[in-house]
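# Coordinate inspection notes
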Amino acid sequence: MPEYNAVQDADIAVARHLFERIARMGKYDLPGLSIWRQALGQFCGDIVFSAPRPSGGVNILLADFIGRGLSAAVAALPVAEVFYGMTEKGFGLSDIVAEINKKLLFVLPENLFCAACFLELDQEGRMLAVWNGGLPDLIVLNSHNVIKHRVKAEHTPLGVDEMDKADLETEFIDVMAGDTVFWCSEGAINTQNEQGQIFGQDKIERHLLAGHDLTEMAAEISLYTIQNDDITLAEL
């Protein structure tokens, strides 16, 4: 048992080091981006990256790694390196998705992968490109809290299989001032209360349609105390 604890402590130390390194890569605070996270263990396997594009606009990524602790940290590092490096060089969303998938296929064993949602918002804030691989619906609401668009998970998660051109297709959404973009990790959908009821997509959408912010939604999610996964809520 002491030997097992020593190995576990070493894994935690490595994971902490990797997550701290990843955190230092992201020095850009995107105005208007709100994030709420609740980890299942010591480290959250959900990661949110955002970075400005050299031609204007911004790229955002929510990545939900299957696995926690050291395994999530090992997977998150190459994702962060590709995301920030290729965004800085001006690569488009599809190119970044393809390169991250290649990296994860090389790094990860077969039972680990990464569900992800990528967003690319143009400089004028009028066109949003979205790629959703394995995460719950991304929802766009207008200023009257009416759902105007949703992007379902049309693609498989990253690190599962080779990708062709169809796997890299993105959805383009016209947005305007006053619109709200919401997306989340699977943990928000599947968290349960003591009666075994899941929070579910319907309850998330009821909050959105009522105009509630992330704080109000998170307060109710926190009452669902049987948490099976890390939880991340994101709003722009």
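Read on for an overview of the structure. No experiment lies behind these values; they were computed from the predicted model shown. (Residues numbered from 1 in each chain as written. Predicted model: local features only at pLDDT ≥ 70, side-chain atom pairs only at ≥ 80, totals over all residues. Heavy atoms only, no water.)

## Side note on the environment of Leu209
To keep it simple, the criterion reads: A helix here means a DSSP run of H or I that spans at least four residues, while a strand means a run of E at least two residues long, and both kinds are numbered starting from the N terminus. Residue burial is assigned from relative accessible area. The probe radius is 1.4 Å, only protein chains are included, and a residue is buried under 20% of its type maximum, exposed over 50%, and partly exposed in between. Only heavy atoms enter the contact rule, under which two residues are in contact if any of them lie within 4.5 Å.
Mapped onto the elements of the fold, Leu209 is located in helix H5 (residues 200–209). Owing to a relative accessible area of 45%, Leu209 belongs among the partly exposed residues under this scheme. Spatially, the C-alpha atoms of Leu209 and Val146 are 6.3 Å apart, while their sequence positions differ by 63 residues. Ignoring anything within four residues of it in the chain, the contact list for Leu209 reads Leu141, Asn145 and Ile147.

## Observations concerning the sheet that holds strand E3 (residues 58–65)
Remark on secondary structure: sheet strands pair via backbone hydrogen bonds, oriented parallel or antiparallel. Here is the rule we go by: By this definition, two strands are paired if DSSP reports at least two bridges between them. The angle between two axes is taken between their N-to-C directions and runs from 0 to 180 degrees, where each axis is a line fitted to C-alpha atoms and a helix contributes only its stretch in contact.
The five strands are arranged E2-E3-E4-E5-E8 in an open sheet whose pairing can be described as antiparallel. Because the sheet does not close on itself, it has two edges, and the strands there are strand E2 (46–52) and strand E8 (171–174). When the angles between neighbouring strand axes are averaged without regard to direction, this sheet yields 15 degrees. In terms of strand pairing, strand E4 (residues 114–121) meets strand E5 (residues 127–133) through six bridges, oriented antiparallel.

## A closer look at the pairing of E2
Side-chain direction in a regular strand flips from residue to residue, so the side chains alternate between the two faces of the sheet. With five of seven residues buried, E2 is to be regarded as a mostly interior element. Hairpin remark: E2 followed by E3, antiparallel, with five residues in the connecting loop; positive phi at Gly56, about 105 degrees.

## A word on unusual backbone geometry
Phi at Asn145 is positive, roughly 60 degrees, even though this residue is not glycine. Checked against the element boundaries, Asn145 lands in the loop between strand E6 (138–141) and strand E7 (147–151).

## Topic: the pairing of strand E9 (residues 180–184)
When you tally the buried positions in E9, you get four out of five residues, the bulk of the element. Pairing analysis gives three bridges linking E9 to strand E10 (residues 231–235), with the strands arranged antiparallel. Its bridge partner lying in E10, Cys184 is registered against Leu233.

## Things to note about a nonpolar patch on the surface
The line we're drawing: Patches here: salt-bridge-free residues with over 30% relative accessible area, like charges joined within 9 Å, nonpolar side chains (Val, Leu, Ile, Met, Phe, Trp, Tyr) joined within 5 Å. Surface accessibility follows the Shrake-Rupley procedure with a 1.4 Å probe radius. Residue values consider only the protein chains on display as shielding. By salt bridge we mean one thing: a side-chain nitrogen of Lys or Arg within 4 Å of a carboxyl oxygen of Asp or Glu.
The grouping of Val74, Phe106 and Val107 at the surface amounts to a nonpolar patch, some 300 Å² of accessible area in total. Examined against the element boundaries, Phe106 turns out to sit in helix H3 (residues 93–107). Classification of Phe106 as exposed rests on a relative accessible area of 74%.

## Some points on the nonpolar core
Heads up, the condition is: To form a nonpolar core, buried Ala, Val, Leu, Ile, Met, Phe, Trp, Tyr and Cys residues must be joined to one another through side-chain atoms within 4.5 Å.
Grouped together as the largest cluster of nonpolar side chains are 29 residues, with contacts concentrated most on Phe49, Leu61, Phe65, Ile100, Leu104, Phe118 and Leu158. Elements with a minimum of two residues in this core: E2, E3, helix H2 (70–88), H3, E4 and E5. A per-element tally of this core places H2 first, with eight residues. Non-local contacts of Leu61, meaning those with residues more than four positions away in its chain, are made with Ile47, Val48, Phe49, Val79, Phe83, Ile100, Ala116, Cys117 and Phe118.

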